[in-house]
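Fold and geometry: a report
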Amino acid sequence: MIKRDSRHTDGADRPSPDTVSANGQGPDASSEKPGLAILLIDDRPEVATAMEIAFRMAGHSLTVAPDPEEAFSQLARTQFDGIVLDLNFSPGKSDGKEGLACLERIMADDPGACVVVLTAHGGVRMAVTAMQKGARDFAVKPWNNADLIAKVEAAVTREPNIAPAAGGPAVTGRGTRQVRILGETAIIEQLRQMIRRVGPTMAGAAITGPSGAGRTLTALAVHAASVHADSAPSLIDLREDSALDAIVEATGSVLLRHPDRLDELAQDRLAALLPDHVRPIAILDRIDRLTPALRRRIATIELAVPPLAQRRDDIPILARHFGADAAERFGRPAPRFTEAAETALREADWPDEVRGLAAAVERAVLLGEDGTIDTGALALGVPSPAPGADRNETSSYDLDRSERAMIAAALAEHHHNVSHAAKALGLSRGALYRRMERHGL
Ligand SMILES: Nc1ncnc2c1ncn2[C@@H]1O[C@H](COP(=O)(O)OP(=O)(O)OP(=O)(O)O)[C@@H](O)[C@H]1O
């Protein structure tokens, strides 16, 4: 259904149910039922507290997200068995539109998601709409916690309410999709819509955009929306010598990295070797570097991941997500960003794109002391030295840049054949790969 953090699969790091049962005697030993991990999306703290206690008493765990942004961040980090969704978040709103929009996105990302909605008194029509959009059940306010818990427990084991998209993955009771592309800007919403449209087809999808912007995440989202979603995709880096052999063996979705770096001959060979039953999803820099034959086979549709500079409004959302994620991993409290820090993040240059943003936030979480991230903790504007690079800033010779130029020249001369380029440079293939990675080549 929803991404389950690998740490949760053995229950070790799953939201843990309370050890006290309803009768105060500890978990019911006679019951073999494992506790469910439930996400409550509701902005009212008093509701959250009451429900948290009730779910714990019933042997389940409840994680609370007060708004859709926090909910999607939670869903990107953790897999939940069920979701309880209030249909109104902003004070004074009662038309349910916010909740229905949130429900639509939850279901679009994960048709297997198990959602029970909370509707206002007399909101049966709203409940029907929610069920049509994929909710498995509803509870009308004021609800009784015991009834709500029973509904959630029953809903989790029931079949989903919606039919699978044509050609898309089978919608199972336990969800299949696990990839969430966060962001609220129109450009990211367009990308998500394209993925939903293209994902269930067998069309070759070419993912372009700057490195670190989320190309691999997008490729995985295309795969997750495909009929092959149940099996892991093959990942093939075409800079590897053995890559073409692996292609012949591939089944399902195959994620091809750097097809544009092959020479023309190798590209045409790749086009000829790709089995018909394989769904190619390519990650590349330049679609115009593909030969016509390869382009026809792997780039029926192009999905361009926009650089962060084109979606600056998403930067605070992503920063909060990476902050919460890092805090969870380091056992720190979820950080709060000062206004100045958010502005600085929004305005900074991000040469390493989302990956750079995640690294900056992670560093700030690690170094921060009181859970507050200010501009100082972010150390923005100070370019971090390339790992392993021995830079002398006062030198007029930029060794790093020269090394990059030499490697680029060797690669071009040897048509991106890494073995040949490494030999020409007097390096091992591994050493050349490390340097290529460092220089973003
Ligand atoms: N919109 C997004 N929402 C949540 N996480 C994101 C988003 N975009 C990128 N990320 C995260 O940022 C990191 C970098 O993204 P990703 O690995 O997809 O980059 P990439 O473009 O494939 O880079 P490269 O081509 O250099 O490997 C990953 O951890 C990814 O999960």
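Remember, it's a predicted structure, so these values are computed and weren't measured experimentally.

Quick look at the overall build of the protein now. Regarding its fold elements, the protein presents 17 helices and 12 strands. For the protein, the share of sequence-separated contacts (at least 6 apart) that also reach a separation of at least 24 residues comes to 67%.

Turning to the sheet that holds strand E2 (residues 61–65), a few remarks are in order. Whether parallel or antiparallel, the strands of a sheet pair through hydrogen bonds between backbone atoms. Taken together, the 5 strands give an open sheet; going across it, the order is E2-E1-E3-E4-E5, and neighbouring strands pair in parallel fashion. Each edge of the open sheet carries a strand with a single partner, namely E2 and strand E5 (137–140). Averaged over all adjacent pairs, the angle separating strand axes in this sheet is 20 degrees, with direction ignored. Across 4 bridges, strand E1 (residues 37–41) lies against strand E3 (residues 82–86) in parallel orientation. Paired with Leu-39 across the strands is Ile-83, a residue of E3. Sitting on the sheet, helix H1 (residues 45–57) touches E1 and E2, and the angle it makes with E2 is about 160 degrees.

Each assigned domain of the protein is listed with its residue range as follows: domain 1 (6–157), domain 2 (186–306), domain 3 (313–378) and domain 4 (399–438). Domain 1 puts 4 residues into the contact, and the matching count from domain 3 is 6 residues. When the residues that make up the side of domain 1 that touches domain 3 are grouped by side-chain class, the tally is 1 nonpolar, 1 polar and 2 charged.

A rise of 1.5 Å per residue sets the reference length of helix H13 (residues 353–367), with its 15 residues, at 21 Å; its end C-alpha atoms lie 21 Å apart and thus fit the reference within 8%. Restricting attention to buried positions, one finds in H13 the residues Glu-353, Val-354, Leu-357, Ala-360, Val-361, Ala-364 and Val-365. Axial view of H13: buried residues confined to an arc of 135 degrees, hence all on one face.

Quick look at the site of the ligand now. Around the ligand, 16 residues are found, and the nearest of them are Leu-182, Ser-211, Gly-214, Arg-215 and Thr-216. At the level of elements, helix H7 (215–224) and H13 are the ones that each hand at least two residues to the shell around the ligand. By residue class, the composition of the shell around the ligand is 9 nonpolar, 5 polar and 2 charged. Residue contributions to the shell around the ligand reach at least three from each of two domains, namely domain 2 (186–306) and domain 3 (313–378).

Moving on: the environment of Ala-120. Positionally, Ala-120 belongs in the loop between strand E4 (115–119) and helix H4 (124–132). Counting along the chain gives 23 residues from Ala-120 to Trp-143, while the straight-line C-alpha distance between them is 9.8 Å. Aside from chain neighbours lying at most four places away, what touches Ala-120 is Ser-94 and Lys-141.

All right, on to the pairing of strand E6 (residues 205–208) then. One ladder, built from 3 bridges, connects E6 with strand E9 (residues 279–283); its direction is parallel. Note on E9: the bridge partner recorded for Ile-207 is Ile-283. Looking at chain direction, E6 and strand E10 (residues 301–304) are connected through 4 bridges and run parallel. Each residue of the ladder has a partner; that of Ala-205, found in E10, is Ile-301.

Attention now goes to the sheet that holds E10. Strand order across the open sheet formed by 5 strands is E7-E8-E9-E6-E10, with parallel pairing between neighbours. Looking at the sheet topology across the chains shown, the edges are occupied by strand E7 (234–237) and E10. Direction aside, the axes of adjacent strands within the sheet are offset by 20 degrees on average. Contacts from H7 reach E6, strand E8 (253–257), E9 and E10 within the one sheet, and its direction differs from that of E9 by about 165 degrees.

Attention shifts here to the packing of helix H6 (residues 186–198) against H7. The angle between the axes and the distance between the axes are what describe a pair of packed helices. Axis separation between H6 and H7 bottoms out at 8 Å; the angle between their running directions is 35 degrees. You can see that H6 and H7 cross each other, and the crossing is right-handed. Across from Leu-191, Ile-195 and Val-198 in H6, the residues of H7 making contact are Thr-218, Ala-221 and Val-222. Split by residue class, the contact of H6 with H7 holds 5 nonpolar, 1 polar and no charged.

The next subject is helix H5 (residues 145–157). Taking 1.5 Å of rise per residue, the 13 residues of H5 would be expected to cover 18 Å, and the 19 Å separating its terminal C-alpha atoms lies within 8% of that figure. Listed as buried for H5 are Leu-148, Ile-149, Val-152 and Ala-155. Buried residues of H5, seen end-on, are gathered within an arc of 130 degrees and therefore sit on one face of the element. Along H5, exposed side chains directed more than 90 degrees from the buried face belong to Ala-146, Asp-147, Ala-154 and Thr-157. As for H5, its buried residues are in contact with E1, H1, E3, E4 and E5.

Another aspect to go through is the nonpolar core. If you look at the biggest cluster of nonpolar residues, it comprises 97 residues, and the most contacted ones within it are Ile-38, Ile-83, Leu-85, Val-115, Val-117 and Leu-357. Other than its neighbours up to four places away in sequence, Leu-85 contacts Ile-41, Gly-99, Cys-102, Leu-103, Val-115, Val-117 and Leu-118. In this structure, Val-418, Ala-421, Ala-422 and Leu-432 belong to the second largest nonpolar core, which totals 7 residues.

Reading the values: the criteria
- Residues numbered from 1 in each chain as written.
- Predicted model: local features only at pLDDT ≥ 70, side-chain atom pairs only at ≥ 80, totals over all residues.
- Helix = DSSP H or I, 4+ residues; strand = E, 2+ residues; numbered from the N terminus.
- Contact = placed C-beta atoms within 7 Å.
- Pairing = 2+ DSSP bridges.
- Axes fitted to C-alpha atoms, helices over the stretch in contact; angles between N-to-C directions.
- Domains from an automatic or database assignment.
- Nonpolar A, V, L, I, M, F, W, Y, C, P; charged D, E, K, R; others polar.
- Expected span 1.5 Å × (residues − 1).
- Buried ≥ 20, exposed ≤ 12 C-beta atoms within 10 Å, placed from the backbone.
- Arc of directions from axis to C-beta.
- Near = placed C-beta within 6 Å.
- Left-handed = near helix turned anticlockwise from the far one by under 90°.
- Core = buried A, V, L, I, M, F, W, Y, C linked by C-beta atoms within 7 Å.

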